[in-house]
Amino acid sequence: MKRKSIAMLAAAICTLAITITAFAADFISAEQARSIAAQWVPAGSTHLVTKDEGLEFIPHYDVKFYDNKTNTAYEVEVLNNCGKVREFKMEAKTVIGSPKIVLSANDVQNLVRKEFPNAVFTKVDLDRDKGLYEYELDFYTAEVRGEMKFNPETGAVLEKEIKYNVH
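Calculation notes
- Residues numbered from 1 in each chain as written.
- Predicted model: local features only at pLDDT ≥ 70, side-chain atom pairs only at ≥ 80, totals over all residues.
- Heavy atoms only, no water.
- Pairing = 2+ DSSP bridges.
- Helix = DSSP H or I, 4+ residues; strand = E, 2+ residues; numbered from the N terminus.
- Phe/Tyr/Trp six-rings, centres within 6.5 Å; stacked < 30°, edge-to-face > 60°.
- Buried < 20%, exposed > 50% of the residue type's maximum accessible area, 1.4 Å probe, protein only.
- Lys NZ or Arg CZ within 6 Å of the ring centre and 35° of its normal.
- Salt bridge = Lys/Arg side-chain N within 4 Å of Asp/Glu carboxyl O.

A word on the pairing of strand β1 (residues 46–53). Of the strand pairs in this sheet, β1 and strand β2 (residues 60–67) are connected by 7 bridges, and their pairing is antiparallel. From the neighbouring strand, V49 faces β2, where its bridge partner is K64. Where β1 folds back onto β2 in an antiparallel hairpin, the turn is made up of 6 residues.

On to the packing of aromatic side chains, then. Here a ring pair, both rings aromatic, is described through the centre-centre distance and the interplanar angle of the planes. If you walk through the whole model with that rule in mind, you get 5 aromatic pairs. Taking the centre distance of 6.2 Å and the plane angle of 35° together, the rings of W40 and F88 count as tilted. Of the two residues, W40 sits in the loop between α2 (30–38) and β1 while F88 sits in strand β4 (residues 85–92), which places them 48 residues apart along the sequence. Relative accessible area serves as the criterion here: at 35%, W40 is assigned to the partly exposed category. Here F88 falls in the buried class, since its relative accessible area comes to 7%. An angle of 45° between the planes, with centres 6.0 Å apart, marks the rings of Y74 and F88 as tilted. Of this pair, Y74 sits in strand β3 (residues 72–79) while F88 sits in strand β4; the two residues are 14 residues apart in sequence, bridging distant segments of the chain. An aromatic cluster is defined as three or more aromatic residues linked by ring pairs; in this entry it consists of W40, Y74, F88 and Y164. A cation over a ring is seen here: R128 above Y133, with NZ or CZ 4.6 Å from the ring centre.

What follows deals with the pattern of salt bridges. One pass over the structure, following the stated rule, counts 8 salt bridges. Across the salt bridge formed by K93 and E91, the nearest N and O atoms sit 3.5 Å from each other. Classification of K93 by relative accessible area gives partly exposed; the value is 45%. Judged by relative accessible area, E91 falls into the partly exposed class, the value being 34%. The closest approach of N and O atoms between E115 and K160, which form a salt bridge, is 2.7 Å. In this pair, E115 sits in helix α3 (residues 105–115) while K160 sits in strand β8 (residues 157–164), placing the two residues 45 residues apart along the sequence.

So, in structure tokens, the structure goes:
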């Protein structure tokens with residue numbers, strides 16, 4: 001009886017070890033997350049930090065870059081269980097709004113549609129920030145939810161936040 005119990009316990013421990021090993025094999029390292037995120041930002045961008053957010057509700061890495069040529073900050077969330085990008089953010093630090101409004105709401109919607117052809121818009125607003133105009137658009141597709149801000153004179157992207165439907 002004692003041998004049978006020991007054999008069952010050993011089998012259970014072995015099964016648990018195999019399960020844990022298989023489960024852990026799906027997780028990516030911080031270096032892998034950095035490599036994945038680097039593909040989403042312009043070449044030559046400087047890697048700032050990779051932060052392991054493994055204890056969050058949805059475990060991921062926050063990977064931050066900065067492009068000195070364009071003074072643009074990037075943040076890419078990479079899921080640590082599969083290596084898929086969950087969220088992409090960019091903020092142009094030196095691109096600002098404009099005192100002039102040259103582009104129409106339809107023009108900036110078309111700028112979004114260049115990247116997301118099936119975009120459905122839930123918000124298209126012309127706002128003022130610190131005395132300058134900027135367009136703010138919220139949209140979604142089957143794959144993403146997004147927010148973008150544009151300069152209403154040049155169409156330059158001020159900010160972009162894209163959340164991908166990944167699990």
